[in-house]
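Chain residues, written in single-letter form:
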Amino acid sequence: MTEIKYHLYITHTGSTPAKPNAEWTMPRYVRCNTHLTEKNNESTGCALSNVAPPDMELPISTYGAAAVTYGFGQDALPDGWGYRKSMQRALNGKERREYTCGTKSTVKFVHRCDIVPDDSCDKYPFASTKQGGTDGALCVEITPLLEGDGKYHVYNSDPSRLVTGKEPCVRGHIPEDLNELAGNAYSRYTQDWRLIEDDRFWVGIPDFFDKVKTGE
């Protein structure tokens with residue numbers, strides 16, 4: 001942390017400044033750090049530590065079924081992470097992902113490329129948050145599909161685990177390119193706003209109710 005101090009000097013042409021006429025401290029601290037990006041490049045920057053970052057916005061018009069999955073998690077599940085409650089950054093996202101979508105999940109994620117081309121497992125809350133990394137067996141599993149009415153319809157992907165509205169997380173069958181696109185957006189957001197362990201943030205899906213068929 002760095003505290004910013006200001007000194008005000010009053011001088012006259014041709015004279016030498018004396019002691020500061022006034023000095024004060026900025027009531028905000030600047031926090032600087034270095035992040036290692038996905039391409040192993042270092043990114044160094046600073047942020048005002050006591051100023052909350054803006055919402056991370058992930059519109060469906062850009063991120064498609066990935067954003068539908070996140071919006072579903074906010075709307076249908078009890079905690080509403082990122083919408084009703086803020087999420088917290090976690091730096092061990094790769095490890096946490098294994099519990100939701102990888103080898104440490106007690107219910108394996110089964111790819112359905114017959115329904116979703118280039119199917120991949122996406123999750124919400126994000127693995128790189130303190131609220132993410134839940135065992136995939138506890139998550140509701142969905143497949144968002146864009147239908148002829150121009151809206152996404154959300155289908156349950158595992159008949160043995162129907163939606164109860166009490167689940168702590170959601171796993172979505174999402175095309176790999178959209179999964180990666182949203183993941184890159186999250187990485188840019190945390191880098192741009194210098195989020196570190198436990199920092200809180202919010203997520204907005206601004207067009208969720210316009211582009212998703214709800215109430216089915």
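Structure's up top.
This text gives an overview of the structure that appears in the document.

About the cut-offs
- Residues numbered from 1 in each chain as written.
- Predicted model: local features only at pLDDT ≥ 70, side-chain atom pairs only at ≥ 80, totals over all residues.
- Heavy atoms only, no water.
- Salt bridge = Lys/Arg side-chain N within 4 Å of Asp/Glu carboxyl O.
- Buried < 20%, exposed > 50% of the residue type's maximum accessible area, 1.4 Å probe, protein only.
- Helix = DSSP H or I, 4+ residues; strand = E, 2+ residues; numbered from the N terminus.
- Arc of directions from axis to C-beta.
- Patch = residues over 30% accessible without salt bridge, like charges linked within 9 Å, V, L, I, M, F, W, Y side chains within 5 Å.
- Areas by Shrake-Rupley, 256 points an atom, 1.4 Å probe, with all protein chains shown as cover.
- Lys, Arg positive; Asp, Glu negative; His and termini not counted.
- Charge placed at Lys NZ, Arg CZ, Asp CG, Glu CD.
- 1 Å grid on protein atoms, 1.4 Å probe; cavity = no way out; pocket = protein on both sides within 12 Å on 5 of 7 lines; lining within 4 Å.
- Points joined across faces, edges and corners; volume = space filled by probe spheres on them.
- Nonpolar A, V, L, I, M, F, W, Y, C, P; charged D, E, K, R; others polar.
- Disulfide = S-S within 2.5 Å.
- Core = buried A, V, L, I, M, F, W, Y, C linked by side-chain atoms within 4.5 Å.
- Contact = heavy atoms within 4.5 Å.
- Pairing = 2+ DSSP bridges.

**Some points on the pattern of salt bridges**
Here's step 1: As enumerated under the stated definition, the model contains eight salt bridges in all.
Here's step 2: Lys85 is paired through a salt bridge with Asp79; the nearest N and O atoms lie 3.2 Å apart.
Here's step 3: With a shortest N-O distance of 3.9 Å, Lys123 and Asp122 are connected by a salt bridge. Assigned by exposure class, Lys123 and Asp122 land together as buried.
Here's step 4: Connected via shared salt-bridge partners are Glu141, Asp158, Arg161 and Arg171.

**Focus on helix α2 (residues 93-100)**
Here's step 1: Those residues of α2 lying buried are Gly93, Arg96 and Thr100. The arc that holds the buried residues of α2, viewed along the axis, is 65°, so those residues lie on one side.

**A short note on a negative patch on the surface**
Here's step 1: Residues Asp118, Glu176, Asp177 and Glu180 make up a contiguous surface patch of negative charge.
Here's step 2: With respect to the helices and strands, the residue Glu180 is situated in helix α3 (residues 176-192).
Here's step 3: Given a relative accessible area of 47%, Glu180 falls into the partly exposed group.

**Describing empty space enclosed by the protein**
Here's step 1: For the coordinates displayed, the defined rule picks out one cavity of 30 Å³ or more.
Here's step 2: Considering only enclosed or pocket space, the largest cavity measures out at about 40 Å³ in volume.
Here's step 3: Taken together, Gly73, Leu77, Asp79, Gly80, Trp81, Tyr124, Pro125, Glu167 and Pro168 form the lining of the largest cavity.
Here's step 4: Among the residues making up the lining of the largest cavity, the classes are represented as five nonpolar, two polar and two charged.

**Observations concerning the state of the cysteines**
Here's step 1: One pass over the structure, following the stated rule, counts two disulfides.
Here's step 2: With its sulfur 1.9 Å from that of its partner, Cys101 forms a disulfide with Cys121. An S-S torsion of about -65° defines the bridge between Cys101 and Cys121 as left-handed. Linking Cys101 in the loop between α2 and β6 (119-124) with Cys121 in strand β6, this pair joins segments that are 20 residues apart in sequence.
Here's step 3: On the basis of relative accessible area, Cys101 is assigned to the buried category, the value being 12%.
Here's step 4: Bridging Cys139 to Cys169, the disulfide has an S-S length of 1.9 Å. Taking the torsion about the sulfur-sulfur bond, which here is approximately -95°, the covalent link between Cys139 and Cys169 counts as left-handed.

**Some words on the nonpolar core**
Here's step 1: Counting 32 residues, the largest nonpolar core has Leu58, Phe126 and Val203 as its most contacted members.
Here's step 2: With sequence-adjacent residues up to four places away left out, Val203 is seen in contact with Met56, Leu58, Gln74, Gly82, Met87, Tyr124 and Phe126.

**Some words on the sheet that holds strand β9 (residues 170-175)**
Here's step 1: Taken in spatial order, the five strands make up an open sheet running β6-β9-β7-β8-β12, and their pairing is mixed. This sheet does not close on itself; its edge strands, each paired only once, are β6 and β12 (212-213).
Here's step 2: Where strand β7 (residues 140-146) meets β9, three bridges bridge the pair, whose relative direction is parallel. Within β9, the position partnered with Ile142 by the bridge is Gly172.

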